[in-house]
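Coordinates in review
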Amino acid sequence: MTNTQSTTTVGMPALGESVEEGTITRWLKDPGDRVQAEEPLLEVATDKVDTEIPSPVTGVLVDILAAEDDVVGVGAALAIIATGYAAGDVSDTDKGTTDTPANHPAVRPAAPPAETEVVSAAPPRTAPREASSVTEGVVEKLPRIRRTIAARMVESLQTSAQLTTVLEVDVTEIARLRRAHKDEFLTRSGVKLSFFPFFAKAAVAALSEHRVLNASVNPDVTEITYHGACHVGIAVDSDKGLMVPVIREAQDLSIEGLARAIADKADRVRTGTITPAELGGGTFTLTNTGSRGALFDTPIINQPQTGILGIGAVVERLIPSRRDDNLNIDVRSMAYLSISYDHRVVDGADAARFLTAVKHRLEGGFSADDLR
């Protein structure tokens, strides 16, 4: 068949600052399929995020130039789309006959994960590679993002001397404030009023006075950068693995502003619409493992930051106290806070003072005016 239609080469788009390549994880169309402009064509994984690449034009996918699991550089050719075709106009002999680049040096096979990259697998996207029997289990290939998480966790522990300090905080007054205003807050802001933005607000306020924890260290530990602004990373659990989107200029946000930003970032991580640019540039990180019921944990630092705050579950407990020299037993809402810090530049006393400042801010209470 003689083709007079024009063709478009689909290239690997820019995937974010400092991201130079991506791994083809799945083609969503086959050669011969008709595609619409902006319709997802394939899925790509980078060190920071999984994303969909849309078709730039309406037409028929004539040829695929990069296979699944190939690592492709930004700008490299991925596919050829012919415009003006009907879906049935493309035969097997037409596929691959268009003028395409002779060589694609930016495309190379995906490297296998290092031996240290052993973690629990994310939910599978494809069928298992091996399955000898039900009792022997299955072997699945780890997605690129899961391998990246594994490598970064090991790298973080090998890079810095990490230590964790834990402190208990009474958030009874915050719990009362939430109960009294949660309905009005939801109606006004469109997001639920959880404990998380209160913890975030208290942490950001404390960082302004404890700048060694809003800092980063250069690789040879000869310089430390104290950041003027607080760009807070929030650890978000998703089907594709842990991601840490960043809320920039968090020191300028109110409780409502933080609640909106947290909800927005978490939602876009879980729906796959977060951009690579939003996953970098953090100066301090919060991880809310209490949302899954954990009392506290020992989180791993997000390099090159110097600290990460873990927030445990808020639980009601019987707590003794003395008033007027009388012993009282009250039901209080309590939570554990843990700070993992880089002991190369942060002393234990620094970490304890930071946690104490967060504790005082939380126990000092927030008023209804603080919710706006």
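All residue numbers refer to positions counted from 1 along the written sequence of the respective chain. Local features in a predicted model are, by the rule used here, given only for residues with pLDDT of at least 70; side-chain atom pairs are given and counted only at 80 or more, and totals for whole chains, interfaces and linings are based on all residues. Side-chain numbers here rest on the full set of heavy atoms in the structure, without hydrogens or water.

**Some thoughts on the nonpolar core**
Definition in use: Within this scheme, the nonpolar core is defined by two criteria: the residues are buried Ala, Val, Leu, Ile, Met, Phe, Trp, Tyr or Cys, and they are joined through side-chain atoms within 4.5 Å. Type-normalised accessible area, obtained with a 1.4 Å probe on protein chains alone, sets the label of each residue: buried when under 20%, exposed when over 50%, and partly exposed for intermediate values. Contacts: residue pairs with any heavy atoms within 4.5 Å of one another.
Ranked by size, the top nonpolar core spans 56 residues in total, and within it Phe198, Phe199, Leu213, Leu309, Leu337, Phe354 and Leu362 carry the most contacts. Each residue touching Leu362, except ones within four places of it in the same chain, is listed here: Val169, Val171, Ile174, Phe198, Phe199, Ala202 and Leu337. Counting residues in each nonpolar core, the second largest holds 19 residues, with Val10, Val19, Val35 and Leu42 among its members.

**A closer look at a nonpolar patch on the surface**
Note the following rule: Grouping into patches uses exposed residues only, defined as over 30% relative accessible area, and leaves out salt-bridged ones; the cut-off is 9 Å for like charges and 5 Å for nonpolar side chains (Val, Leu, Ile, Met, Phe, Trp, Tyr). Per-residue and other accessible areas follow the Shrake-Rupley method at a 1.4 Å probe size, with only the shown protein chains counted as cover for residues. Within this document, salt bridges are pairs made up of a side-chain nitrogen of Lys or Arg and a carboxyl oxygen of Asp or Glu, the two lying within 4 Å of each other. Only runs of H or I of at least four residues qualify as helices and only runs of E of at least two qualify as strands under DSSP, and these elements are numbered from the N terminus.
The grouping of Leu318, Leu327, Ile329 and Val331 at the surface amounts to a nonpolar patch, some 420 Å² of accessible area in total. Per-element tally for the nonpolar patch: the top contributor is strand β20 (residues 326-342), with three residues. Within the fold, Ile329 resides in strand β20. Given a relative accessible area of 52%, Ile329 falls into the exposed group.

**A look at the confidence of the model for the chain**
Close reading of the predicted structure is inappropriate where its pLDDT is low. Threshold: Each residue carries a pLDDT value, the predictor's own confidence for that position, ranging from 0 to 100.
Model confidence for the chain is summarised by a mean pLDDT of 85, while 85% of its residues fall at 70 or above. Here residues 90-118 scores under 50 on pLDDT; set against residues more than four positions off or in separate chains, the count is 45 contacts. Here residues 120-129 is modelled with pLDDT under 50, and outside its nearest four sequence neighbours on either side it reaches 19 contacts, counting other chains as well.

**A word on the environment of Ile53**
Mapped onto the fold, Ile53 is located in strand β5 (residues 50-54). Between the alpha carbons of Ile53 and Leu15 there is a distance of 9.9 Å; along the sequence they are 38 residues apart.

**Observations regarding the sheet that holds strand β6 (residues 59-64)**
Rules: What makes two strands pair is DSSP finding at least two bridges between them.
A sheet is described by the order of its strands in space; here four strands give the open sequence β1-β8-β6-β3, paired in antiparallel fashion. Both edges of this open sheet fall to β1 (7-11) and β3 (34-35), since each of them pairs with a single strand only. As defined by bridge partners, β6 adjoins strand β8 (residues 77-82) across four bridges and the pair is classed as antiparallel. Across the sheet, Leu61 pairs through a bridge with Ile81, a residue of β8.

**Some remarks on the packing of aromatic side chains**
The line we're drawing: A pair of Phe, Tyr and Trp rings is counted when the ring centres sit within 6.5 Å of each other, with Trp represented by its six-membered ring. The angle between the planes then sorts it: under 30 degrees is stacked, over 60 is edge-to-face, the rest tilted.
The final tally for this structure, using the stated rule, is three aromatic pairs. Between Phe296 and Tyr336 the ring centres are 5.7 Å apart and the planes differ by 65°, which places this aromatic pair in the edge-to-face class. Of the two residues, Phe296 is situated in the loop between β17 (284-287) and β18 (307-311) and Tyr336 in strand β20; the sequence distance between them amounts to 40 residues. We classify Phe296 as partly exposed; its relative accessible area is 44%.

**Notes on the packing of helix α3 (residues 196-207) against helix α4 (residues 255-270)**
The axes of two packed helices give the description: the angle between them and the distance between them. What counts, and what does not: Simply put, an axis is a line fit to the C-alpha atoms, just over the touching stretch for a helix, and the angle between two N-to-C directions goes from 0 to 180 degrees. The crossing is said to be left-handed when, going from far helix to near helix, the turn is anticlockwise and less than a right angle, and right-handed when the turn is clockwise.
At a minimum axis separation of 9 Å, α3 and α4 run at an interaxial angle of 115°. Pair α3 / α4 crosses with right-handed handedness. When α3 is examined against α4, the residues Phe196, Pro197, Phe198, Ala200 and Lys201 are found in contact with a partner set consisting of Ile255, Leu258, Ala259 and Ile262.

**What to know about the pairing of strand β19 (residues 315-323)**
Regular strands have side chains that alternate between both faces of the sheet. Where β19 meets β20, nine bridges bridge the pair, whose relative direction is antiparallel. What sits directly across from Arg322, in β20, is Leu327.

**Details of the packing of α3 against helix α5 (residues 348-363)**
Our working rule: Angular relationships are summarised with four words: roughly parallel below 35 degrees, roughly antiparallel beyond 145, roughly perpendicular across 65 to 115, and oblique for the angles in between. Polar here means any residue outside two lists: the nonpolar Ala, Val, Leu, Ile, Met, Phe, Trp, Tyr, Cys and Pro, and the charged Asp, Glu, Lys and Arg; Gly therefore counts as polar.
Running from amino to carboxyl end, α3 crosses α5 at an angle of 130°, the nearest separation of the two axes being 9 Å. Viewed along their axes, α3 and α5 adopt a mutual orientation that is oblique. Where α3 crosses over α5, the two elements pack in a sense that is right-handed. Note on element contacts: α5 touches α3 through Phe354, Ala357, Val358, Arg361 and Leu362, opposite Phe198, Phe199, Lys201, Ala202, Ala203, Ala206 and Leu207. Split into classes, the residues belonging to the contact of α3 with α5 amount to 10 nonpolar, no polar and two charged.

**Thoughts on helix α1 (residues 144-159)**
What counts, and what does not: How far a helix is expected to stretch is found by multiplying one less than its residue total by 1.5 Å.
The terminal C-alpha atoms of α1, which comprises 16 residues, lie 22 Å apart, in line with the 22 Å expected from a rise of 1.5 Å per residue. Three or more residues of α1 are buried, namely Arg144, Ile145, Arg146, Arg147, Thr148, Ile149, Ala150 and Ser156. In this structure, the buried residues of α1 make contact with β2 (21-27), β4 (40-45), β5, β7 (70-73) and β12 (162-170).

**A word on the side chain of Ser340**
To keep things clear, this is the line we draw: In protein, a polar contact requires one atom able to donate a hydrogen and another able to accept it; more generally it is a pair of N or O atoms within 3.5 Å, and residues adjacent in sequence count only if both atoms are side-chain atoms.
Within the secondary structure, Ser340 sits in strand β20. The exposure class assigned to Ser340 is buried, which follows from its relative accessible area of 1%. Of note is the side chain of Ser340, whose polar atom sits 2.7 Å from the side chain of Thr164. Beyond its immediate stretch of four places on either side in the chain, Ser340 contacts Leu163, Thr164, Thr298, Pro299, Ile301, Thr306, Gly307 and Ile308.

**A word on the environment of Leu163**
Tracing the backbone shows Leu163 in strand β12. A residue is classified by how much of its surface remains accessible, and Leu163, at 38% relative accessible area, is partly exposed. Along the primary structure Leu163 and Pro299 are separated by 136 residues, whereas in three dimensions their C-alpha atoms are 9.6 Å apart. Setting aside residues up to four positions removed in sequence, Leu163 forms contacts with Ile339, Ser340, Tyr341 and His343.

**Focus: the environment of Ala77**
Following the sequence through the fold, Ala77 ends up in strand β8. Separated by 66 residues in the primary sequence, Ala77 and Gly11 have C-alpha atoms spaced 4.4 Å apart.

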